[in-house]
Amino acid sequence: MRILIVEDDAALARGILSLLRAAGHAVDHVAGGEEALSVSATEPYSLVILDVGLPDIDGFQVLARLRARGDQSQVLMLTARDGLDDRVRGLDLGADDYLRKPFEVEELEARVRALGRRRGGDAAPEIAIGAMTVNRSTGRVEVAGRLIELRRREWAVLEALAARAGQIVSRETLQAEVFGFDDPVGSNALEVNVTRLRSKLAPDGPAIRTVRGVGYMLDRS
Amino acid sequence: MSGGAGRAISLRFRLLLAMFGPLAALALVLGLLGWVLISDVVRRTNDRVLGGALGAIAETVQVERGEVTLDLPPAAFGMLENSERDNVYYRIAVGNTLLTGYADLPAPDISVLSVDEPRFRFAQFRGQRIRIAEIRRNLPRIDAPVVVQVAETLQNRNSLRDKLMIALLIGECVLVGIVLLLIRPALGWSLRPLSDLRGVIEARDTRAAPDLSPLRTGPLPTELRPLSRSFDRLLARLDDATTGMRRFTADASHQMRTPLSVLKVQVALARRGSGEALHEIEEATDRLERLLTQLLTLARADEAGVLPPDHEIDLKELSQHVISRRIRQAIEADVELLLEAGDGPYRIHGHRTLVFEMLSNLVDNAIRYNRPGGMAQIELSAEAGVVRLAVVDTGPGIPAELREMAMSRFARLQGERGPPGSGLGLAIVKSTAERMGAQLELGDAKPGLRVTVTFTV
């Protein structure tokens, strides 16, 4: 899933970045509120991890302006402050979740996964499509009882398609959800990943169809 | 209130001392006056009786056929009888010739006696003091003046005087005693507003969080108003201090959370085999350490008001110390560290550790916010009454409109683009300068920042 980290502390941002990238997400990072607003206007982020204490405009304002322009991304607020007021304020402004620093890494990961599931309107961790089960909490994929080893990009493609199984996912959307903007991406990187994924799911897994000129679709059965 | 070594004298004892001295002196004066007055009254009254007896005797002195005769009236002696059995003596003489009575009763000097006017005097007779009343009469056809004397011993007078004096002394003692006995209840009653005040203060103890608002005492006696006002002022200062402290702790804990988060994240990554993580952990630990050191320095600078400020400091020597502490950091950052000063010495008075930390922070900033190949320079100069210390760097400087904000706590102007810092460096410098009454000024070094601290000598 495509994630934006808005955090002014470079070291912390680096840490969260590696953490989430290792989990197979396409993650971008900005350090300021204004920058976050301009980047999220053009990129389809599923989740924004938003620090409250930013140097230019604070996280609450960023959140308020995101929601004001109709942005439906999930927002996870990060704060170093103690007060209950902050939590209530963040949630009232339309934040989906809230995490206080210093946080447990497992908790951050779990919350990110939970938010990712909720995105498809289906909070269940496991999706079953035909002979395939995809566990979005553990990242485990099985086809007819056989464990499929996936690289993280392949996982990202599968997760994006599985969440919308039976629907066409446009090439652009898939591209934006799978790769961060500073990922070094060749022009056919998406095709390469889709092809590899197809061969790993074969022969008994669901098929990934190419809809020429539009995008891809994961068969429901 | 004072915790002196000696025991403080109780208020009751103070009042006792203050009252007892003057009271005793007053009683003494009263006693002396009483003595004079009583002696006078006793003498006058007894003299009147003695004079009466004298008159009665003198009246009976007559001339019969050219002879002086007299008829001593017993009533005259009766007048002089008293419970003390005073002896009564008389002597009647014509010129120096004794007519009747005690021949050895001291005779008067006739020339000083005026006619028919009784005179009184004390004398010594037969080993006793006596009071003599005497009168001179001129009788017809008798050439020599007739002198009549009546005298009495002084037992009655003395005993009367003593009785009166004793009565007076008893009266005085009772008065002084009552006053001294009254001091305790009077003091208790007078000090009741004070214990009411104490009650109001003690009531504060029972609350969970200390209530530092002004005391609500209701109307107070004039004498206690300054005390209550001072107490309220103390409370207000304490309130300021605790509020500042609370804000500081909140800021500090807020500031610790981010590096702690970094640590947690990187530890998790390290456990999963990330090679980068160790380096990141090291950096985060350094950051925490630096933050802690600076927080402590700031806390020390804040409370330095209570420390003795009177070290004599040579800024040149201090600068050399700071440079030797920071030189490794400067070399690593490829920044040249310089000291620009005359022969000196540049002496100021202040708290040595604080000034050292202040300069050390300034130099740290100058190295940290600089460019490779740049320069950080300490400049010292002295003018009449002031010593100026400036730290100049070749970094990006601080825009004029941000300089005020740069000195506040936890302000980090560059966000993540700048080098890692706690945002406390300039706050430490500012707090220290304020403590020492020195002027702090941020200026332009074109390019770079010039921080000037001006000490008044």
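What you are looking at is a predicted structure, and each value in this text was computed from that prediction instead of being measured. (Residues numbered from 1 in each chain as written. Chains lettered and ligands numbered in written order. Predicted model: local features only at pLDDT ≥ 70, side-chain atom pairs only at ≥ 80, totals over all residues.)

**Brief notes about the overall build of chain B**
1) Next: Helix and strand content of chain B: 10 helices and 14 strands.
2) Next: Per-residue burial over chain B gives 25% buried out of 457 residues.
3) Next: Residue pairs at least 24 apart in sequence account for 64% of intrachain contacts in chain B once pairs closer than 6 positions are excluded. (Helix = DSSP H or I, 4+ residues; strand = E, 2+ residues; numbered from the N terminus. Buried ≥ 20, exposed ≤ 12 C-beta atoms within 10 Å, placed from the backbone. Contact = placed C-beta atoms within 7 Å.)

**What about the interface of chain B and chain A?**
1) Next: Across the contact, 17 residues belong to chain B and 20 residues belong to chain A.
2) Next: Going through the elements one at a time, α5 (225-271) and α6 (276-303) of chain B are the ones with two or more residues in the side of chain B that touches chain A.
3) Next: Of all the elements, α5(B) adds the most residues to the side of chain B that touches chain A, at 11 residues.

**Points about the nonpolar core**
Residue and element names in this part refer to chain A.
1) Next: Core analysis: the biggest nonpolar cluster contains 64 residues, and I3, V6, L47, I49, L50, L76 and V157 have the highest contact counts within it.
2) Next: Top contributing element to this core by residue count: helix α6 (residues 152-163), with 7 residues.
3) Next: Those residues within four positions of I3 in sequence are excluded, and the remaining contacts are L20, H25, V27, Y45, S46, L47 and I49. (Core = buried A, V, L, I, M, F, W, Y, C linked by C-beta atoms within 7 Å.)

**As for the sheet that holds strand β4 (residues 97-101) of chain B**
All names here are of chain B.
1) Next: Judged by pairing direction, the sheet is antiparallel, and its 5 strands sit side by side in the order β4-β3-β7-β6-β5 without closing on themselves. Each edge of the open sheet carries a strand with a single partner, namely β4 and β5 (119-125). The sheet shows a mean angle of 25° between the axes of neighbouring strands, direction not considered.
2) Next: In this sheet, strand β7 (residues 146-153) lies alongside strand β3 (residues 88-94) in antiparallel orientation, the contact comprising 7 bridges. Paired with I92 across the strands is V148, a residue of β7. (Pairing = 2+ DSSP bridges. Axes fitted to C-alpha atoms, helices over the stretch in contact; angles between N-to-C directions.)

**A short note on the packing of α6(A) against helix α7 (residues 171-178) of chain A**
Residues and elements named next belong to chain A.
1) Next: α7 packs onto α6 with a crossing angle of 130° between their chain directions and a minimal axis gap of 9 Å. Taken together, the axes of α6 and α7 are oblique relative to one another. The way α6 lies across α7 gives a crossing that is right-handed. Facing R153, A156, V157 and A160 of α6, the residues of α7 in contact are L174, E177 and V178. (Parallel < 35°, antiparallel > 145°, perpendicular 65-115°, else oblique. Left-handed = near helix turned anticlockwise from the far one by under 90°.)

**Observations regarding the pairing of strand β12 (residues 386-393) of chain B**
Residue and element names in this part refer to chain B.
1) Next: Summarising the sheet, strand β11 (residues 375-383) and β12 pair through 8 bridges and their orientation is antiparallel. Paired with E383 across the two strands is V386, which belongs to β12.
2) Next: Taking the residues that link successive antiparallel strands as the turn, the β11-β12 hairpin has 2 residues, and the phi of G385 there is positive, at about 80°.
3) Next: Taken together, the 7 bridges between β12 and strand β14 (residues 449-456) define a ladder with antiparallel strand orientation. By the bridge assignment for β14, R388 is matched with T454.

**Topic: the UniProt feature "transmembrane region" (unreviewed entry) in chain B**
1) Next: Sites flagged by UniProt as "transmembrane region" (unreviewed entry) map to residues 15-38 and 164-183 of chain B.
2) Next: For the annotated span residues 164-183 of chain B, helix accounts for 100% and strand for 0% of the residues, and the straight-line distance between the end C-alpha atoms is 29 Å. (UniProt positions renumbered as here; feature names shortened; annotations may be inferred.)

**With respect to the confidence of the model for chain B**
1) Next: Averaged over every residue, the pLDDT of chain B is 84; residues scoring 70 or more account for 92%.
2) Next: Scored by ipTM, the complex comes to 0.71, with pTM at 0.53. (pLDDT = per-residue confidence, 0-100.)

**Thoughts on the environment of R69(A)**
1) Next: The topology assignment puts R69(A) in the loop between α3 (59-68) and β4 (74-79).
2) Next: Sequence separation of R69(A) and A41(A) is 28 residues, and the distance between their C-alpha atoms is 9.2 Å.

**Here we look at the environment of Y89(B)**
Residue and element names in this part refer to chain B.
1) Next: As for its placement among the helices and strands, Y89 is situated in strand β3.
2) Next: As for Y89 and T153, which are separated by 64 residues in sequence, their C-alpha atoms are 8.6 Å apart.
3) Next: Ignoring any residue separated from it by four or fewer positions in sequence, one finds Y89 in contact with Y102, L105, F125, I130 and A151.

**Notes on the sheet that holds strand β6 (residues 126-129) of chain A**
Two modes of strand pairing occur in sheets, parallel and antiparallel, and in both the strands are linked by backbone hydrogen bonds.
Residues and elements named next belong to chain A.
1) Next: Read across the open sheet, the 4 strands follow the order β6-β7-β8-β9; overall the sheet is antiparallel. Looking along the sheet, the strands with just one partner apiece sit at the ends: β6 and β9 (146-148). The mean inter-strand angle of the sheet, taken between neighbouring strand axes irrespective of direction, is 25°.
2) Next: Relative to strand β8 (residues 140-143), strand β7 (residues 132-135) is paired through 4 bridges, and the arrangement is antiparallel. Paired with N135 across the strands is R140, a residue of β8.

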